[in-house]
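# Observations on chain architecture
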Amino acid sequence: MTPKATPPHVRFRSFWGQLSTIDRLAVVLLVLMAVVQTAVLVMVTPSGDNTNHAFRMEEWHRMWQHGIYYPRWLPSAFHGFGAPSLYFYPPLVYVISSVVYGVLPSLSSQEMVRFVTIFTALCSLATFRFYLRSRSIGGWSASIAALLYAFAPYRYLDMQVRGAIAEHTAFIFLPIILFGADRLLIDGKKDRAAVLAIALGCFGLLVTNIPASVVGLLGLAVYAAVQYRAETSSRVWIVAASAGLGTLLAAFSLLPALMFGGDIRHELFQQSVYRFGESNTPLLDIFAHKNITIDVVGVLTILGALLLLPALRERRSAEAASQRAPDRALRWTILTVLFVQIPYLSILLFKYLPLGVIVQFPWRFDMLLMPVVGVLLARQLDTQRARMASLIAIAWTCLLFAIMTARFSGFAINPHPRATWGDSWEYMVPKWALPQDTTTDKTLNPYRVLPEISVDRLGTLETAQLLGSGPYEDSIDVHFDRQHIISFHRYYWPQWRVTSNGQSVGTSVDTVGRLIASIGPGRQRIRLQLIPSPAEWAGWLISVAALGAVCWVGFRRKERKS
């Protein structure tokens, strides 16, 4: 007979019994931190970009109701003028919310934001615990370390203060990538599980959040490069190929964004001269009252990383030999994070890298410290060797409670609130539109109440009647005696096509960015349609081909021996 598994409470008593006092304090505080954060998310509406994400979730849901499951255009954006969806965020978060709407259609947009935020936090906890268990970490040690990964102060700022739900969701995929990288580089297993984990993890990052993808992929490059040796060279190249496969999987989202990136008003991001408070670098901005919450956490996170370096020194004992490679990689990951935080280096990064992608670039690298500290805490709880990870966990937990107390008491070092940009979404207005005035809305207000179409002065017997309007199409019946300009209630976009009785008509843009077309005399059926771009077709073809490669790797019968 198979012996019964040890009950969970017995395993916990055994785990608890081996902990030191400092470890027990860390465990209690981490559990309390997770409970408090979850309660706050349930009861308090997130701030920051929350309203923008709520709007996009509702818009994606409406598009799904129209049978459009990957929207290329969001008709209600910019006060009904619309905007291409590729301007803003990759699709995964909104796909998740749309699926949830299918099951829970009565949720409000704010409730949906909270639900998806909590759900993805728990998903990141599960993936990090899975990764730790794959490294032979005990169940309770892995669970406690996963709490730190899922509910660290940086995660609270993403979830509650910044409302950065896309970056928050990206944390799900870092452990999956680590699982595949360790399987190849440490365990030496050239198998399908490693390739699929890296490919799907990179794909998940790229269809969730671009800045997090840049950080995650550069982190993977450092992690693999540090372990490059003659005996591991082939496995390092497999890591690179797997990441490339994941990138090709995301081509349907990436390629159109790359092709149309020039259509964003990038001048709104320009930062030619450094001034205090405009570097997005914690080591400088902490003195300048800029974005002060994330800067305080950034500085203390950096200090924690410095304290972790001694704990990662190479140990020469025989029992630690198997840990030297991952310890070396973890140490260089920390050094990378510290390197990009050097104040004037990070200013150059922020100045010369593509600002439409690398927004607030330097401190986003603090993301990489979450798995590093989680790994070290899990090892410590499992082996009872060092104490530094528990001390950092305690310090981070106390920091989080201090931030919450200051926030809910109304304390603010810089009391001036940020401007509300409505659904203009991080200033990324189309280059054809005038910038939106955030206080009086002078640009758009006169046009907000316009009908779906408007025509310059019609004659007595001339008519223009809207027959139907949809997310991607308008149909109009006109009878003109002379040439007229039709103005559509749409922002100009190169992929809008106007036809008159089936014949293509040229389009252009008016002074506020609306799509207009010149229509000649006669009775005509005018049709406005959004057509796919060649970049969109090519992106989907590349993604389908990459999916075929993934299926071949995943389902082929013969497994290559390591």
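The paragraphs below set out a description of the structure included in this document. Given the structure is predicted, the values throughout are model-derived calculations rather than measurements. (Residues numbered from 1 in each chain as written. Predicted model: local features only at pLDDT ≥ 70, side-chain atom pairs only at ≥ 80, totals over all residues. Heavy atoms only, no water.)

### Some thoughts on the environment of R114
Where we set the bar: By the criteria applied, helices consist of DSSP H or I runs no shorter than four residues and strands consist of E runs no shorter than two, each listed in order from the N terminus. Remark: exposure states derive from per-residue accessible area (1.4 Å probe, protein chains only) relative to the maximum for the residue type, with buried under 20%, exposed over 50%, and partly exposed in between.
When you line up the elements, R114 lands in helix α6 (residues 109-134). Classification of R114 by relative accessible area gives buried; the value is 17%. Between the C-alpha atom of R114 and that of A54, which follows or precedes it by 60 residues, the distance is 9.7 Å.

### Observations concerning helix α23 (residues 534-555)
Our working rule: Here the expected span of a helix is defined as 1.5 Å times the quantity of residues minus one. Along the arc lie the directions from the helix axis toward the C-beta atoms. In this analysis, two residues are considered to be in contact whenever any of their non-hydrogen atoms come within 4.5 Å of each other.
Counted at 1.5 Å a residue, the expected span for α23 with its 22 residues is 32 Å, and the 31 Å between its end C-alpha atoms agrees. Regarding α23, the residues found buried are A535, E536, G539, S543, A546, V550, V553 and G554. What you see down the axis of α23 is that its buried residues fit within an arc of 100°, all on one side. Exposed and oriented more than 90 degrees from the buried face of α23 are P534, W537, L541, V544, A545, W552 and F555. The inward-facing, buried residues of α23 contact α11 (192-206), α13 (233-249) and α14 (251-259).

### Points about the pairing of strand β5 (residues 473-480)
How we decide: A strand pair is defined by DSSP finding two or more bridges across the two strands.
In the sheet, strand β4 (residues 463-470) pairs with β5 via 7 bridges, with the strands oriented antiparallel. Counterpart to G468 in the pairing with β5 is S475. Here β5 pairs with strand β11 (residues 522-530) via 8 bridges, running antiparallel. Looking across to β11, one finds that V478 is bridged to Q524.

### Some details on the pattern of salt bridges
Convention followed: The term salt bridge refers to a pairing of a side-chain nitrogen on Lys or Arg with a carboxyl oxygen on Asp or Glu at a separation within 4 Å.
Applying the stated criterion across every chain yields a total of 12 salt bridges. With a shortest N-O distance of 3.8 Å, D182 and R135 are connected by a salt bridge. Taken as a pair, D182 in helix α10 (residues 174-185) and R135 in the loop between α6 and α7 (139-151) lie far apart in primary sequence, 47 residues in all. Among the residues examined, D182 registers a relative accessible area of 2% and is labelled buried. The partly exposed category is assigned to R135, whose relative accessible area is 26%.

### Here's the deal with a nonpolar patch on the surface
The criterion, for reference: Like charges are joined within 9 Å and nonpolar side chains (Val, Leu, Ile, Met, Phe, Trp, Tyr) within 5 Å, but only among residues with over 30% relative accessible area and no salt bridge; these make up the patches. What sets the accessible areas is the Shrake-Rupley method with a 1.4 Å probe; for residues, cover comes only from the shown protein chains.
Residues V103, L104, F115 and F119 make up a contiguous nonpolar surface patch of about 360 Å² in total accessible area. By secondary structure assignment, the location of F119 is in helix α6.

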